[in-house]
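Examination of the molecular architecture
The primary structure of each chain is shown beneath.
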Amino acid sequence: MTAVVNEDTWTARRINRTALITMVVMVFAWAVDYIDRFSIGMALPMIGAEFELSKTQQGWLVTVFALVYMVCQIPAGFLADRYGSRGPMLVTLLLWSAFTAMTGMAGTFGMLLVVRGLFGVCQGLFPAASFKAIAERTTPGNRATVTGVMLSAGGIGAGLAPLIVGPLLMAVGWRHTFFWMAGVGAIIGVVVWTLLPKALPERLSSLPRDEAKTPEVSRKQVLKSFVVWKFTLLFCATNMLNYGLITWVPSYLLEARGLTLNQTGVLAAIPMLVSIGTTILGGWLFDRYFHDHGRWYLSSIALVTVVLLILMVSAETTAEFTLYETLALAVFGMATMAVFGLPLRVLPTAVTGIGMGVMNFGGQVAGAVAPVAMGWLADAFSYTAAFGFLIGTTFLTAVMAFWVPQNPAQFTFSPASPRSAS
C-alpha cells in the first residue's frame, strides 16, 4: 500500500520540477566539462612554443585525450547502467579536476600526453552517466528538450573557455590557468552530486510498451543493433565540425589573422555562445515537430552549414570569417537532437547508459581524428585545407541523414527483435 501512495506522489508538477532541476544541474556539469576539455585549444600556442611542437604534435594533445575518451565510452555505459548516474558523475568530476591540475605540472611533451590520456579516462566516464541521469529523470515526451538544453552547455563551456582562459593565460601563464580550473571543477562536482533529484519510476521514464513494441531490451541487443551503430557513425560525422573548429580556430586567428590572445578569446567565444540557443531550439523542435520526421530536417541543416563553411573559408576579413563561423555553428546546433533525439526516445531507461556510450564512442572517433588530421593538413598545405576537411564531413552528414531510421517502429535492437521497419 505504501508503494502505491509513493507512486501517486508523482504529479505532473513534480515530474516537471524533477526534469527542470536535472536540466539545470547537468548544464553546470557539462559547462565545466567543456571548459576543462577545450581550454587546451587556447593554451596550444603557448604550450607549442614552450615545448617547440609542430601543429601535428599540438593536435596530438587533443587527439590522445579523444582516443582514450573514445575507448571509455562503452565501458562507461555499462557502469552507468549498473550503478546509476550519481556516483559515477561525482567520481569523474573530482578525478578530471585532479588531472586538469596535473596538466599544469607536466614538464615534458611526453608527460603532457600521458596526463591528457588519463584526463580522457576521467571525462570519458561522464557522458554515459549524464545521459543516464536525464533518462532516469525525464519522460520520453520531454527528453529531447531537456537533453538539448544539457547539450547546449557544450556551447556555454566552449564559448566561456576562451573568455575565461584567455585572460588567465595572459595573467598567470598556461600552467597556473589549469590549477584554477581544477579547483572550480572539484567544487562543481560536489554541487552536482548534492542537487541531483530522485529518479522517476520506470513507468514514467520509458515509452509505453505498445509504442516501444518490445517487452525487454538487453545490453547485448543494444551492442549488436545495426541501427544503434548507424547513429554512432552519424554522430561521428557531425562531431567533426565542433572538434575541428574548437581546436584550430584560436591558432588560426592568432597565426593567420595576427590577433592578440585576448582578441582571439573573444572571437573564438562568439560562435560557441550563439550555438547555445540554437541547440536548445533544436531539442524543442524535435520534440514538437520532427520526432518522427528527422531526415529532411537534419539533411537541410547540414547542407546550409556546408554553404556557410565555404563562405567562412573564403572570407577576406576576420570579421567575415567570424560571422560565417558563427552562422555555421548556429545552424548546425539545431541538428544535435536530430542525432540523439530518436535513440533517447526509444532506448529503455535500463539500457540508456550503454546506448549513449556506444553513440558517444562514435562522437569521440571524430575527436580523435579531426584535431590531428587538421593539424597535418595545416602543416602540409594550409589552414584552408584544414577547414576544407570540415566541409567534407558536414556534407557527409547530409548524406547519412537518409541512412538512419526516423521513427520508433524503424528502430530495431537486434535481428531477433520483434520490431519491423516501416
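Nothing here was measured: the structure is a model prediction, and the numbers come from that model. (Residues numbered from 1 in each chain as written. Predicted model: local features only at pLDDT ≥ 70, side-chain atom pairs only at ≥ 80, totals over all residues. Heavy atoms only, no water.)

What to know about the overall build of the chain
On a plain count of helices and strands, the chain comes out with 17 helices and zero strands. Put simply, the chain has 422 residues, and 61% of those count as buried. Across the chain, every contact between residues at least 6 apart in sequence was considered, and the portion connecting residues at least 24 apart equals 86%. Looking at the chain as shown, the accessible area adds up to about 16,000 Å², and 70% of this sits on carbon and sulfur atoms. (Helix = DSSP H or I, 4+ residues; strand = E, 2+ residues; numbered from the N terminus. Buried < 20%, exposed > 50% of the residue type's maximum accessible area, 1.4 Å probe, protein only. Contact = heavy atoms within 4.5 Å. Areas by Shrake-Rupley, 256 points an atom, 1.4 Å probe, with all protein chains shown as cover.)

Some details on the side chain of Ser251
Position of Ser251 relative to the elements: it lies in helix H11 (residues 226-255). Using a relative accessible area of 0% as the deciding quantity, one classes Ser251 as buried. Excluding residues within four positions of it along the chain, Ser251 makes contact with Pro45, Ala256 and Tyr383.

Topic: the pattern of salt bridges
Under the counting rule described, the total for this entry stands at three salt bridges. Between Glu136 and Arg137 there is a salt bridge, and its shortest N-O distance comes to 2.7 Å. Residue classification places Glu136 among the buried residues on the basis of a relative accessible area of 13%. (Salt bridge = Lys/Arg side-chain N within 4 Å of Asp/Glu carboxyl O.)

As for the packing of helix H16 (residues 352-380) against helix H17 (residues 383-400)
For the pair H16 and H17, the least separation of the axes is 7 Å and the interaxial angle reads 150°. Accordingly, the angle class assigned to the pair H16 and H17 is roughly antiparallel. Where H16 crosses over H17, the two elements pack in a sense that is right-handed. Where H16 approaches H17, its residues Val369, Ala370, Ala373, Met374, Leu377 and Ala378 are matched on the opposing element by Tyr383, Ala385, Ala386, Phe387, Phe389 and Leu390. Each residue belonging to the contact of H16 with H17 can be placed in one class, and the counts come to 12 nonpolar, no polar and no charged. (Axes fitted to C-alpha atoms, helices over the stretch in contact; angles between N-to-C directions. Parallel < 35°, antiparallel > 145°, perpendicular 65-115°, else oblique. Left-handed = near helix turned anticlockwise from the far one by under 90°. Nonpolar A, V, L, I, M, F, W, Y, C, P; charged D, E, K, R; others polar.)

Here we look at the environment of Gly77
You can see Gly77 is positioned in helix H3 (residues 55-83). The class for Gly77 is buried, based on a relative accessible area of 0%. Residues Gly77 and Gly357, 280 residues apart in the sequence, show an inter-C-alpha distance of 4.7 Å. Non-local contacts of Gly77, meaning those with residues more than four positions away in its chain, are made with Ala128, Gly353 and Ile354.

Comments concerning unusual backbone geometry
The phi dihedral of Glu52 falls on the positive side, at around 55°, and the residue is not glycine. The residue Glu52 is located in the loop between helix H2 (12-51) and H3 in this model. For Glu52, a relative accessible area of 70% corresponds to the exposed category.

Notes on a nonpolar patch on the surface
On the surface, a cluster of nonpolar side chains totalling about 470 Å² of accessible area is made up of Leu160, Leu163, Ile164, Val266, Ile270, Leu273 and Val274. Listed by contribution, the elements that provide at least two residues to the nonpolar patch are helix H7 (143-195) and helix H12 (261-290). Per-element tally for the nonpolar patch: the top contributor is H12, with four residues. Mapped onto the fold, Leu160 is located in helix H7. For Leu160, a relative accessible area of 31% translates into the label partly exposed. (Patch = residues over 30% accessible without salt bridge, like charges linked within 9 Å, V, L, I, M, F, W, Y side chains within 5 Å.)

Focus on H3
Helical geometry: 3.6 residues make up each α-helical turn, so side chains three or four residues apart lie on a common side. For H3, which comprises 29 residues, the first-to-last C-alpha distance of 41 Å matches the rise-based estimate of 42 Å (1.5 Å per residue) to within 8%. Maximum bend of H3: about 40°, positioned at Gln73, with proline Pro75 one to four residues after it. Once H3 ends, the next one or two residues include Gly84, with phi positive near 85°. (Expected span 1.5 Å × (residues − 1). Bend = angle between axes of the 7 residues up to and from the residue.)

A few points about the environment of Leu253
Relative to the elements of secondary structure, Leu253 occurs in helix H11. In the structure, Leu253 is positioned 10 residues away from Gln263 in sequence and 8.7 Å away in space, judged by C-alpha atoms. Every residue in contact with Leu253, bar those within four places of it in the chain, is listed here: Gly258, Leu259, Thr264, Leu267, Ala268, Thr318 and Phe321.

Observations concerning the confidence of the model for the chain
Per-residue confidence for the chain gives a mean pLDDT of 79, with 90% of residues at or over 70. Element-level pLDDT for the chain is lowest in helix H1 (residues 2-8), with a mean of 44, against a maximum mean of 92 in H17. Within the model, the stretch residues 1-7 combines pLDDT values under 50 with two contacts to residues more than four positions away or in other chains. Between residues 415-422, whose pLDDT stays under 50, and residues either more than four places distant or in other chains, the model counts 17 contacts. (pLDDT = per-residue confidence, 0-100.)

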